[in-house]
Amino acid sequence: MVMTPEIQKVLAHSWLRHQDDRLFHAYISPRSGAESLCGGVPPIHDMREMDIPGARSRCCGNCFTALYGIDLKDPNSKDRP
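Parameters and conventions
- Residues numbered from 1 in each chain as written.
- Predicted model: local features only at pLDDT ≥ 70, side-chain atom pairs only at ≥ 80, totals over all residues.
- Heavy atoms only, no water.
- Helix = DSSP H or I, 4+ residues; strand = E, 2+ residues; numbered from the N terminus.
- Polar contact = N/O pair within 3.5 Å; in protein donor to acceptor, adjacent residues only side chain to side chain.
- Contact = heavy atoms within 4.5 Å.
- Salt bridge = Lys/Arg side-chain N within 4 Å of Asp/Glu carboxyl O.
- Buried < 20%, exposed > 50% of the residue type's maximum accessible area, 1.4 Å probe, protein only.
- Disulfide = S-S within 2.5 Å.
- Patch = residues over 30% accessible without salt bridge, like charges linked within 9 Å, V, L, I, M, F, W, Y side chains within 5 Å.
- Areas by Shrake-Rupley, 256 points an atom, 1.4 Å probe, with all protein chains shown as cover.
- Phe/Tyr/Trp six-rings, centres within 6.5 Å; stacked < 30°, edge-to-face > 60°.

Caption draft 1: Focus on the side chain of His-13. Considering the arrangement of structural elements, one finds His-13 in the loop between helix H1 (5–12) and strand S1 (14–18). Only 2.8 Å separates the side chain of His-13 from the side chain of Trp-15, close enough to count as a polar contact. Within the structure, His-13 has its side chain in polar contact with the side chain of Tyr-68 (distance 3.5 Å). Sequence-distant contacts of His-13, defined by excluding residues within four places in its chain, comprise Tyr-27, Ile-28, Leu-67 and Tyr-68.

The structure is reproduced here in structure tokens:
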């Protein structure tokens, strides 16, 4: 199987959440200083303060769109073409 950069990006990401946050965000690298794909939260400071998601965890829609290229906007929205 050919590993395109897009496939490598999806396989290498990590969904993480700071203990004080409600949403999980996608990170390309689970290291100190790494930024989320959406850029909406501060970079990782200490991995010991981060949680990993469960099966029903809430994830950031902007990170999801950036990672998978799927727009999660409401299909009934008048903003959609």
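Caption draft 2: Broad picture of the pattern of salt bridges. Throughout the structure, instances matching the rule amount to two salt bridges. Linking Arg-17 and Asp-51 is a salt bridge whose minimum nitrogen-to-oxygen distance equals 3.0 Å. Remark: Asp-51 occurs in strand S3 (residues 50–51) and Arg-17 occurs in strand S1; sequence separation between them is 34 residues. With a relative accessible area of 23%, Asp-51 lands in the partly exposed category. The residue Asp-46 makes a salt bridge to Arg-48 at a minimum N-O spacing of 3.0 Å. Judged by relative accessible area, Arg-48 falls into the exposed class, the value being 70%.

Caption draft 3: Fine view of the state of the cysteines. For the structure on display, the rule yields zero disulfides. Between Cys-59, a free cysteine, and Cys-60, which holds the nearest cysteine sulfur, the sulfur-to-sulfur gap is 8.6 Å. By relative accessible area, which is 35% here, Cys-59 ends up partly exposed. Cysteine Cys-63 is unpaired, with the sulfur of Cys-38 as its nearest cysteine sulfur at 3.6 Å. The class of Cys-63 is buried, set by a relative accessible area of 0%.

Caption draft 4: Inspection of a nonpolar patch on the surface at higher detail. A cluster of nonpolar side chains, namely Tyr-68, Ile-70 and Leu-72, defines an oily patch on the protein surface of about 260 Å² accessible area. Within the secondary structure, Leu-72 sits in the segment after helix H2 (61–68). With a relative accessible area of 48%, Leu-72 lands in the partly exposed category.

Caption draft 5: Local environment of the packing of aromatic side chains. Within the structure shown, the criterion is met by one aromatic pair. Ring centres of Phe-64 and Tyr-68 lie 4.7 Å apart, and the angle between their planes is 55 degrees; this geometry places the pair in the tilted category. Separated by four residues within a single helix, Phe-64 and Tyr-68 lie in helix H2, roughly one turn from each other. On the basis of relative accessible area, Phe-64 is assigned to the partly exposed category, the value being 23%. Tyr-68 sits in the partly exposed class, given a relative accessible area of 31%.

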